[in-house]
Amino acid sequence: MAYWFINTPGIGSIIVFAVGISVFIAYLRMLRWIQTTPPDPDPKNETSTSDVDK
Amino acid sequence: MTSIPSRESELERIVLAPLRRTSKQFYVVLAGLSLVVLLGAAALANQWRLGLGVTGLNRPVYWGVYITNFVFFIGISHAGTLISAILRVTQAEWRRPITRIAEAITFFALIIGMLQVWIDMGRPERIIFPFIFGRFQSPFLWDFTCVGVYFMSSMLYLYLPLVPDLARLRDRMTDAPRWRHWLYTVMSFGWHGNAEQHRRLEIAIGIMAIVIIPVAVSVHTVVSWIFGMTMQPMWHSTILGPYFVVGAIFSGIAMLFLFMTLLRRAWHLELWIGEKQYNYLGILLLVMSAFWGYFTLAEFLTTGYSTITNETAVFHAKLLGEYAPAFWAMVTANLVIPFAVLMRRQGRKPLGTFIAALSVIIGMWIERFLIVAPSLTRPSLGFMPAVYTPSLTEVAITAGSFALFALLFLLFFKVFPAISVWEVEEGQAVEAVRQKARELAHEGAQPALRS
């Protein structure tokens, strides 16, 4: 079984894609986690220059 | 969390200046690099039309300059990740102005490195073959896995510290062309930069810095296994993995020096990239040169001491035969020149390190070539000793690849700041707090000393 797994053409690429897609999803989730931070109720605490200028 | 003042600081003014104004020299360099890239593209189109016969590759030498470039560029890609990640994890404060340059080198070197495998395949559609016919017992597939993960990781590792600066560009550069302003807005994904968002960003960067170190080491180890898993003389060696990793970090630091110095001069970043960075990185380059020398000695001494006919044939070809000039040039470039220049503190200045780095870049490319080609000219199976000479097509494609690498780097830093502004500001704040703490400690110590 193990030999079939590593010796069958095409199975290798499935492993490559499975690893790649898992990592890609994990990284996207990390970005989303940063993006969805709730904004501060007091805009003075935010570092965006336009907000400060307002 | 302190707010960003509406007036630009000196750091911002200097770092954002090249993004706002374009000099004549920029266009000249851009035109020169584009021309070489076009030349390489024309040579590649010709190779695709006529086949690999236009190269110097033949039986038994099936790998040459393209695979040399692949190993070289994947090695260069260790610049950002390892240097930036290790320095970040160890909290070396002097890293702050140079991390982005290092991370960009990683990203673009990986693109050029992966391109070389495609070029070496001979025809564009063959890129799909490893996916259709690939078996996971082949180190090629391991390489696809590791390089793929490394590519995504280094892209994210470049992007994450860029986000607060992108928000700054979105807000500061309102007079930029519309496409650029749109780019900054989209890429900063609504960054508002409150304390919680900064905390999350720092956690993510910290995780990536730790994750990327073993990934980077795995990449070049697996690249070495592509050679090491075969029975070719001087490839089938257990030392090849760490030898490749050491060489990768060595060449990566050299490339960082090279680009850092050029960008520092062209973008006028002298105030931020200074003596400290050159001194510490110079010492690091010197240490890596010593490591590289140790591994080279270990590799060659063990092979030279043996009486395995195929191994000694390659050994003699490298040290005394047709590859001897290249071999001794490599030793001079990777050991003699860096030691001669960087041993003294006076040498660890921009000019000295630039010379040493250029020498190491040339030396490491020769080293990669000497790993790939000589073993194939004297293979284990019953072939007569062969000769490999790169053709003009290979030279043109290689020149085009190097030019494309420099071009991508140049264009990136025309649109994005070369120095991580928020990280340098954070470093300044840390330094100010430390200074205040030192003063308070000194004041507190005075009465105690008097009593």
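Residues numbered from 1 in each chain as written. Chains lettered and ligands numbered in written order. Predicted model: local features only at pLDDT ≥ 70, side-chain atom pairs only at ≥ 80, totals over all residues. Heavy atoms only, no water.

**So, the overall build of chain A**
Here is step 1: A tally of helices and strands in chain A yields three helices and zero strands.
Here is step 2: Taken from N to C terminus, the helices and strands of chain A fall in the order α-α-α.
Here is step 3: Of the roughly 3600 Å² of accessible surface on chain A, 70% is carried by carbon and sulfur atoms. (Helix = DSSP H or I, 4+ residues; strand = E, 2+ residues; numbered from the N terminus. Areas by Shrake-Rupley, 256 points an atom, 1.4 Å probe, with all protein chains shown as cover.)

**A short note on the overall build of chain B**
Here is step 1: Along its length, chain B carries 17 helices and zero strands.
Here is step 2: Taken over the C-alpha trace, chain B has a radius of gyration of 24 Å; the compact-globule value for 451 residues is 22 Å, and the two agree within 12%.
Here is step 3: Based on the C-alpha atoms only, the size of chain B along its principal axes is roughly 80 × 60 × 45 Å.
Here is step 4: Here chain B holds 451 residues, and the buried ones make up 56% of them.
Here is step 5: Across chain B, contacts joining residues at least 24 apart in sequence account for 84% of those joining residues at least 6 apart.
Here is step 6: Of the roughly 19700 Å² of accessible surface on chain B, 70% is carried by carbon and sulfur atoms.
Here is step 7: Between the averaged position of the 36 positive side-chain charges in chain B and that of its 26 negative side-chain charges there is a distance of 3 Å. (Rg over C-alpha atoms; globule rule 2.2 N^0.38 Å. Buried < 20%, exposed > 50% of the residue type's maximum accessible area, 1.4 Å probe, protein only. Contact = heavy atoms within 4.5 Å. Lys, Arg positive; Asp, Glu negative; His and termini not counted. Charge placed at Lys NZ, Arg CZ, Asp CG, Glu CD.)

**A short note on the interface of chain A and chain B**
Here is step 1: The partner chain B presents 41 residues to the 36 residues of chain A that form the contact.
Here is step 2: Between chain A and chain B, the buried area comes to about 3300 Å², and carbon and sulfur atoms account for 66% of it.
Here is step 3: Joining chain A to chain B, the criterion identifies zero salt bridges.
Here is step 4: There are twelve residue pairs in polar contact (both at pLDDT 80 or more) connecting chain A and chain B. (Buried area = accessible area lost by both parts, 1.4 Å probe. Salt bridge = Lys/Arg side-chain N within 4 Å of Asp/Glu carboxyl O. Polar contact = N/O pair within 3.5 Å; in protein donor to acceptor, adjacent residues only side chain to side chain.)

**Let's talk about the nonpolar core**
Here is step 1: Core analysis: the biggest nonpolar cluster contains 144 residues, and Ile101, Ile105, Leu160 and Phe405 of chain B have the highest contact counts within it.
Here is step 2: By residue number, the principal contributor to this core is helix 11 (residues 240-266) of chain B, which donates 16 residues.
Here is step 3: Once residues lying within four places of it in the same chain are set aside, the contact partners of Leu160 of chain B are Met30, Leu31 and Ile34 of chain A together with Leu201, Ala204, Ile205 and Met208 of chain B.
Here is step 4: Membership of the second largest hydrophobic core comes to six residues, among which are Leu44, Tyr66, Ile119 and Ala396 of chain B. (Core = buried A, V, L, I, M, F, W, Y, C linked by side-chain atoms within 4.5 Å.)

**Some words on the packing of aromatic side chains**
Residue and element names in this part refer to chain B.
Here is step 1: Inspection of the entire model under this criterion finds 38 aromatic pairs over all chains.
Here is step 2: A ring pair is formed by Trp365 and Phe369, whose centres lie 5.8 Å apart and whose planes are at 10°; its orientation type is stacked. With Trp365 and Phe369 both in helix 15 (residues 350-377) and four residues apart, the pair spans about one turn of that helix.
Here is step 3: Look at Trp365 and you get partly exposed, because its relative accessible area is 22%.
Here is step 4: When its relative accessible area of 12% is taken as the criterion, Phe369 is described as buried.
Here is step 5: Cation over ring: Arg368 sits above Phe244, and NZ or CZ is 5.3 Å from the ring centre.
Here is step 6: We note Lys414 situated over the ring of Phe26; from NZ or CZ to the ring centre the distance is 5.6 Å. (Phe/Tyr/Trp six-rings, centres within 6.5 Å; stacked < 30°, edge-to-face > 60°. Lys NZ or Arg CZ within 6 Å of the ring centre and 35° of its normal.)

**A closer look at the confidence of the model for chain A**
Residue and element names in this part refer to chain A.
Here is step 1: Averaged over chain A, the pLDDT score is 80; the fraction of residues at 70 or greater is 76%.
Here is step 2: Mean pLDDT values over the elements of chain A span from 43, in helix 3 (residues 49-53), up to 93, in helix 2 (residues 11-35).
Here is step 3: Counting interchain partners and residues more than four positions distant, the pLDDT-below-50 stretch residues 50-54 has six contacts. (pLDDT = per-residue confidence, 0-100.)

**Remarks on helix 13 (residues 309-319) of chain B**
Here is step 1: Within the sequence span of helix 13 of chain B, burial applies to Glu311, Thr312, Val314, Phe315, Ala317, Lys318 and Leu319 of chain B.
Here is step 2: Buried residues in helix 13 of chain B make contact with helix 12 (275-305), helix 14 (324-342) and helix 15 of chain B.

**Let's talk about a nonpolar patch on the surface**
Here is step 1: The grouping of Met1, Tyr3, Trp4, Phe5 and Ile6 of chain A at the surface amounts to a nonpolar patch, some 590 Å² of accessible area in total.
Here is step 2: Position of Tyr3 of chain A relative to the elements: it lies in helix 1 (residues 2-7). (Patch = residues over 30% accessible without salt bridge, like charges linked within 9 Å, V, L, I, M, F, W, Y side chains within 5 Å.)

**A short note on unusual backbone geometry**
Note on backbone geometry: most residues besides glycine have negative phi, and most peptide bonds are trans.
Residue and element names in this part refer to chain B.
Here is step 1: Residue Pro60 is reached from Arg59 by a cis peptide bond, and omega for that bond is 0°.
Here is step 2: Note on placement: Pro60 falls in the loop between helix 2 (24-50) and helix 3 (65-76).
Here is step 3: Positive phi outside glycine occurs at Phe189, with the angle close to 30°.
Here is step 4: Backbone geometry at Met234 places phi at a positive 65°, although glycine is not the residue there.
Here is step 5: Following the sequence through the fold, Met234 ends up in the loop between helix 10 (195-228) and helix 11.

**Side note on the pattern of salt bridges**
Pairs can form between side chains of opposite charge whenever their charged atoms are close.
Residues and elements named next belong to chain B.
Here is step 1: Applying the stated criterion across every chain, the model contains 19 salt bridges over all chains.
Here is step 2: Between Glu93 and Arg96 there is a salt bridge whose closest N-O contact spans 2.7 Å.
Here is step 3: Its relative accessible area of 26% is what places Glu93 among the partly exposed residues.
Here is step 4: On the basis of relative accessibility, which here comes to 7%, the residue Arg96 falls in the buried class.
Here is step 5: Ionic pairing is found between Arg199 and Glu196, a salt bridge with its closest N-O pair at 3.1 Å. A residue pair is termed a helical-turn pair when its members lie 3 or 4 positions apart in one helix, as Arg199 and Glu196 do in helix 10 at three residues.
Here is step 6: When its relative accessible area of 43% is taken as the criterion, Arg199 is described as partly exposed.

**Quick look at the environment of Val147 of chain B**
Here is step 1: With respect to the secondary-structure elements, Val147 of chain B resides in helix 7 (residues 139-159).
Here is step 2: Ignoring any residue separated from it by four or fewer positions in sequence, one finds Val147 of chain B in contact with Leu110, Met114 and Val219 of chain B.

**Some details on the side chain of Glu311 of chain B**
Residue and element names in this part refer to chain B.
Here is step 1: In this structure, Glu311 sits in helix 13.
Here is step 2: Buried and without a salt bridge, Glu311 has Lys318 as its closest oppositely charged side chain, separated by 8.9 Å.
Here is step 3: Of note is the side chain of Glu311, whose polar atom sits 3.1 Å from the backbone nitrogen of Met234.
Here is step 4: What Glu311 contacts, discounting residues up to four positions off in sequence, is Gln232, Pro233, Met234 and Thr303.

**Topic: the side chain of Glu12 of chain B**
Here is step 1: For Glu12 of chain B, the location among the structural elements is in helix 1 (residues 10-20).
Here is step 2: Other than its neighbours up to four places away in sequence, Glu12 of chain B contacts Arg7, Ala17, Arg168, Arg172, Val421 and Glu425 of chain B.

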